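An overview of the molecular structure
Take a look at the letters that make up each chain.
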Amino acid sequence: MAVVGPRIRVPRRVLAPLALLLGAVVALSACSDGHIDVRSVASPGWASYGGNGANSNYTYPSIPDDLTLSWTRPTGGPVTAPLTLSNQSNVNVTANTANGCNLLALDPNSGRMNFCKRMRAGIEGNSTLLDQFDQPYVGEETTFVAFNAGGAIRWRMPVIGVPLSAKFAAPGEVLVVTTQGQILMLNTQNSDFTAPEVRLRPEADPGDPLWGYGDCVSNGPRCAVPAPPAVDEQHSRFFLNFWPTGAIASQIRGFSYAKQNDGRVVREIWHADVPGGVIGAPTLSADGNTLYTFSRLGQVVALDAATGKTKWTYDNGGYGFASMTVSPDGLIIPTGVIGAPLTLLRDRGDKAEQVWQRKDLAVVSLSTLTSSKTAWTVVRDQGKNSLSLVEVDTSNGATKRTVAMPGAEGFTTGVAVSPSGQIATATNIGEVFFFDSKKNID
């Protein structure tokens, strides 16, 4: 007599990725020559600081109409770096904890830990970089580390200073820049150099990795590079906020990493002195032609990415505390100081124009623009200290929906979106919030 085992119920959120994976395998087997490219590239999810190499905080997946809070989880300490989401929607977050884990990989179904690690100082300023295999890359003082999807260390690379949130520069190549101005390009499989290292501050002391680290939050002169690079893979270029030794202000520098012989060579192609100096991370347009940055004078500055020449400036009424949000069609949401109004600009080529401004919304987060012509951000509720996740229509600024964040206070570090349209954010006091379709929440 046949024995019938218990029926196993597979959630929809698991079935959908499995179907996509099966389709990809079938397509590869049908169309390829039998060789599969296994070089690491950015995960289809929210793979890095700013969501992508450009730091543009832009997403293509549609957000479910029935989005609701699925779970929350404390990290045990303040969160200062944006979290990231893998192609399986796993949440990677770093925190400044007194003890216990400060790097956490959380399951999207319940917030349970897939793994967690205790890392050294500097981890709290890092967003993980995630490849298509769910493998995180992240930095701590003196070391850049590559993990596998289960949290085992694949390799370590010694560095000078604290590595910033890393970026992929090409398939199988990761760009690492440190707070003390060291630039490394590494093979993601084995950590071999794919270009000779560059030291923007030759006097940097390998034995004093936290020198100047305290200046990185305020973009002070002791921190050579305070924010992650913006990378243009198509043109083999990247851009940095850099403070030269002895200079009165920080500047933007453009670099190329073109192939030469069997490797690459990193070289400066231009530098631009922004009035008052630069603050935060640079952001690239989708076509790679324009680089946006904040000045300390409260301006959004648009530069020609090929030459560094200023295209236009826009008085934002205050500088941003991180990068900004840029869509492929030229919409820009500058990230103002905590509690600033939500403002949408449009790049007209030779100037920026304000499309609309919501002075009734006190924004406390980086915002995310979507291909559905909406923007998502976190705001402080009027007359309260609580926070809410808000979606607005980019055509007129009207609120489309508001999703409560019970118990949330302070500010959040950004709005990350998974390939399935789930949303995750974290408050600075250390609470992760994960939102999903009601259909996926049992």
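All values reported here derive from a predicted model rather than from experimental measurement.

Here we come to the overall build of the protein. A count of helical and extended segments in the protein gives one helix and 35 strands. For 442 residues, the compact-globule formula gives about 22 Å, and the C-alpha radius of gyration of the protein, at 21 Å, lands near that figure. Principal-axis analysis of the C-alpha atoms places the extent of the protein at approximately 80 × 55 × 50 Å. For the protein, the proportion of contacts with a sequence separation of at least 24, taken over those separated by at least 6, is 50%. Of the roughly 18,500 Å² that the protein leaves accessible, carbon and sulfur atoms contribute 53%. The centroid of the 36 positive side-chain charges in the protein is displaced by 4 Å from the centroid of its 37 negative side-chain charges.

With that settled, the discussion passes to the nonpolar core. Formed by 30 residues in total, the largest nonpolar core has its most connected members in Leu-83, Val-91, Leu-389, Met-405, Ile-423, Val-432 and Phe-435. It is strand S35 (residues 431–437) that contributes the most residues to this core, four residues altogether. In this structure, Leu-164, Leu-175, Ile-183 and Phe-242 belong to the second largest nonpolar core, which totals 18 residues.

With that settled, the discussion passes to the UniProt feature "domain: Pyrrolo-quinoline quinone repeat" (unreviewed entry) in the protein. Mapped onto this structure's residue numbering, the UniProt feature "domain: Pyrrolo-quinoline quinone repeat" (unreviewed entry) falls at residues 267–406. Note that residues 267–406 is 0% helix and 57% strand, and that its end C-alpha atoms are spaced 49 Å apart.

Tallied over the entire structure, the rule returns ten aromatic pairs. When the ring of Tyr-58 is compared with that of Tyr-60, the centres are 5.0 Å apart and the planes differ by 80°; the resulting orientation is edge-to-face. By relative accessible area, which is 13% here, Tyr-58 ends up buried. The exposed category is assigned to Tyr-60, whose relative accessible area is 57%. With a centroid separation of 5.2 Å and 5° between ring planes, the pair formed by Trp-71 and Phe-434 is classed as stacked. Residue Trp-71 is found in strand S2 (residues 67–74), and its partner Phe-434 is found in strand S35; the two are separated by 363 residues along the sequence. Exposure remark for Trp-71: the relative accessible area of 7% places this residue in the buried category. Under the relative-accessibility criterion, Phe-434 is labelled buried at 0%. Chaining the aromatic ring pairs together yields one cluster made of Tyr-137, Phe-144, Trp-155 and Phe-168. In this structure, Arg-222 is placed above the aromatic ring of Trp-211, and the distance from its NZ or CZ to the ring centre is 4.4 Å.

Here we take up the sheet that holds strand S22 (residues 290–295). An order of S21-S22-S23-S24 is seen for the four strands of this open sheet, with the pairing classed as antiparallel. Edge positions in the sheet fall to strand S21 (278–284) and strand S24 (310–315), since each of these pairs with one other strand and no more. Pairwise comparison of adjacent strand axes, ignoring direction, gives a mean angle of 20° for this sheet. Relative to strand S23 (residues 299–304), S22 is paired through five bridges, and the arrangement is antiparallel. In the strand pairing of S23, Leu-291 is matched with Leu-303.

The rules behind the values
Residues numbered from 1 in each chain as written. Predicted model: local features only at pLDDT ≥ 70, side-chain atom pairs only at ≥ 80, totals over all residues. Heavy atoms only, no water. Helix = DSSP H or I, 4+ residues; strand = E, 2+ residues; numbered from the N terminus. Rg over C-alpha atoms; globule rule 2.2 N^0.38 Å. Contact = heavy atoms within 4.5 Å. Areas by Shrake-Rupley, 256 points an atom, 1.4 Å probe, with all protein chains shown as cover. Lys, Arg positive; Asp, Glu negative; His and termini not counted. Charge placed at Lys NZ, Arg CZ, Asp CG, Glu CD. Core = buried A, V, L, I, M, F, W, Y, C linked by side-chain atoms within 4.5 Å. Buried < 20%, exposed > 50% of the residue type's maximum accessible area, 1.4 Å probe, protein only. UniProt positions renumbered as here; feature names shortened; annotations may be inferred. Phe/Tyr/Trp six-rings, centres within 6.5 Å; stacked < 30°, edge-to-face > 60°. Lys NZ or Arg CZ within 6 Å of the ring centre and 35° of its normal. Pairing = 2+ DSSP bridges. Axes fitted to C-alpha atoms, helices over the stretch in contact; angles between N-to-C directions.

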